[in-house]
Amino acid sequence: MGLFDRISRVVRANLNDMVNKAEDPEKILEQSVTDMQEDLVQLRQAVASAIATQKRTQTQYNQAESQSNQWQQRAALALQKGDETLAREALVRKKSHAETAATLKSSLEQQSGQVESLKRNLIGLESKISEAKTKKDMLKARISAAKAQEQLNNTIGTLNTGSSMAAFDRMEEKVLQIEARAGASAELAAGGSNLEEQFRLLESGGDVDDELAQMKAQLTGGSVSQGQLPAAGKTAATANTTSESSPVIDAELEELRSQLNKM
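*Asks:* Give a description of the overall build of the protein that names residues and reports values.
*Replies:* A count of helices and strands for the protein gives five helices and zero strands. Reading the helices (α) and strands (β) of the protein from amino to carboxyl end gives α-α-α-α-α. Across the 263 residues of the protein, 11% fall into the buried class. Across the protein, every contact between residues at least 6 apart in sequence was considered, and the portion connecting residues at least 24 apart equals 81%. Roughly 20700 Å² of accessible area belongs to the protein as shown, and the carbon and sulfur atoms make up 55% of that amount.

*Asks:* Tell me what's going on with the pattern of salt bridges, and back it up with residues and numbers.
*Replies:* The tally for this structure, following the rule as stated, stands at five salt bridges. Where Lys 136 meets Glu 30, a salt bridge forms, and the shortest distance between an N and an O atom there is 3.5 Å. Within this pair, whereas Lys 136 is found in helix 3 (residues 84–158), its partner Glu 30 is found in helix 2 (residues 25–80), the two being separated by 106 residues in sequence. For Glu 30, a relative accessible area of 30% translates into the label partly exposed. In this structure, the salt-bridge partner of Arg 44 is Glu 126, at a minimum N-O distance of 3.0 Å. Here the residue Arg 44 occupies a position in helix 2, and Glu 126 occupies one in helix 3, the gap between them amounting to 82 residues. On the basis of relative accessibility, which here comes to 43%, the residue Arg 44 falls in the partly exposed class. Several salt bridges share partner residues, and in doing so they unite Glu 30, Lys 136 and Lys 140 into one network.

*Asks:* Can you tell me about the confidence of the model for the protein, naming the residues and giving the values?
*Replies:* Within the protein, residue pLDDT values average 77, and 75% of them lie at 70 or more. Looking across the protein, the model is least confident in helix 5 (residues 235–262), with a mean pLDDT of 60, and most confident in helix 2, with 89. In the predicted structure, residues 223–245 sits below a pLDDT of 50 and forms four contacts with residues beyond four places in sequence or in another chain.

*Asks:* Any chance you could break down the packing of aromatic side chains for me, citing the residues and the numbers?
*Replies:* Within the structure shown, the criterion is met by zero aromatic pairs. We note Arg 74 situated over the ring of Trp 71; from NZ or CZ to the ring centre the distance is 4.6 Å.

*Asks:* How would you explain a nonpolar patch on the surface if you had to name every residue and give the values?
*Replies:* A contiguous nonpolar patch, built from Leu 3, Phe 4, Ile 7, Val 11, Leu 15 and Met 18 and spanning about 660 Å² of accessible area, is present on the exposed surface. Mapped onto the secondary structure, Leu 3 falls in helix 1 (residues 3–22). When its relative accessible area of 55% is taken as the criterion, Leu 3 is described as exposed.

*Asks:* An account of the environment of Ala 48 is requested, with residue identities and associated values reported.
*Replies:* For Ala 48, the location among the structural elements is in helix 2. The class for Ala 48 is partly exposed, based on a relative accessible area of 46%. As for Ala 48 and Val 115, which are separated by 67 residues in sequence, their C-alpha atoms are 8.7 Å apart.

*Asks:* I'd like to hear about the environment of Leu 219, residue by residue, with values.
*Replies:* Note on placement: Leu 219 falls in helix 4 (residues 161–219). On the accessibility criterion, Leu 219 (35% relative accessible area) is partly exposed. Each C-alpha atom, one on Leu 219 and one on Ile 249, is 7.9 Å from the other, the two residues being 30 residues apart in sequence.

*Asks:* I'd love a proper account of the environment of Ala 75, names of residues and values included.
*Replies:* By secondary structure assignment, the location of Ala 75 is in helix 2. What makes Ala 75 buried here is its relative accessible area of 4%. A sequence separation of 18 residues divides Ala 75 from Arg 93, and the C-alpha atoms of the two residues are 9.4 Å apart. The residues touching Ala 75, leaving out its near neighbours within four places in the chain, are Ala 87, Ala 90 and Leu 91.

*Asks:* Give a description of the side chain of Gln 111 that names residues and reports values.
*Replies:* For Gln 111, the location among the structural elements is in helix 3. The contacts of Gln 111, once residues within four sequence positions are left out, are Thr 53, Gln 54 and Thr 57.

Parameters and conventions
Residues numbered from 1 in each chain as written. Predicted model: local features only at pLDDT ≥ 70, side-chain atom pairs only at ≥ 80, totals over all residues. Heavy atoms only, no water. Helix = DSSP H or I, 4+ residues; strand = E, 2+ residues; numbered from the N terminus. Buried < 20%, exposed > 50% of the residue type's maximum accessible area, 1.4 Å probe, protein only. Contact = heavy atoms within 4.5 Å. Areas by Shrake-Rupley, 256 points an atom, 1.4 Å probe, with all protein chains shown as cover. Salt bridge = Lys/Arg side-chain N within 4 Å of Asp/Glu carboxyl O. pLDDT = per-residue confidence, 0-100. Phe/Tyr/Trp six-rings, centres within 6.5 Å; stacked < 30°, edge-to-face > 60°. Lys NZ or Arg CZ within 6 Å of the ring centre and 35° of its normal. Patch = residues over 30% accessible without salt bridge, like charges linked within 9 Å, V, L, I, M, F, W, Y side chains within 5 Å.

Rendered as structure tokens:
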């Protein structure tokens, strides 16, 4: 492979790459339809020109045919008048016009075929242009949808969804921690209230124990305060009553003691 061939291939490859990158589908579609419409205009002009030529040829053919018939009639008239020379000259003219008419007839047939072919091409091109316009609108709509989808994908791709979800996870963990601390505080508050209640019961239970000890001291004849001693006249009766009822009291006392031990 020669050097110039390689250079030519590289240049053409680079040019093709530049053209491919520069192509805008929407603009290319519009330009394609515009080119087809220009071709349609040129084809219409060609059809019109061919029809005009056909009509002109038809007119020339009719004139040649008419003159050929006219010289034929003149030749017959000259021959009837006995002028053979004049009749011969008329036949020469008639032959010339007849040959011209035959040539024009052949051209007219060719032109008629060309006009019919151009008309068919014109109808086909008009149909293709109409189809191309419809397809162009569809393709442009698809291009717009594809560009919108591409832009949406690019937008979604730029979003840091992983970081956002991680932030949500962290916030959820913090909420769980706050809820746990709130539950622990509630439990501590409830525990403190129970402890206060227990001490309050113990403190109130001390008064009962003091009263019970005082009752024991009274029942067992222990010392009592001076203000609580009975009168002198009633000492013997009270002593006798106490002595007589001590077994019952002892039994009741034992029952109370048993109940206290069970508590």
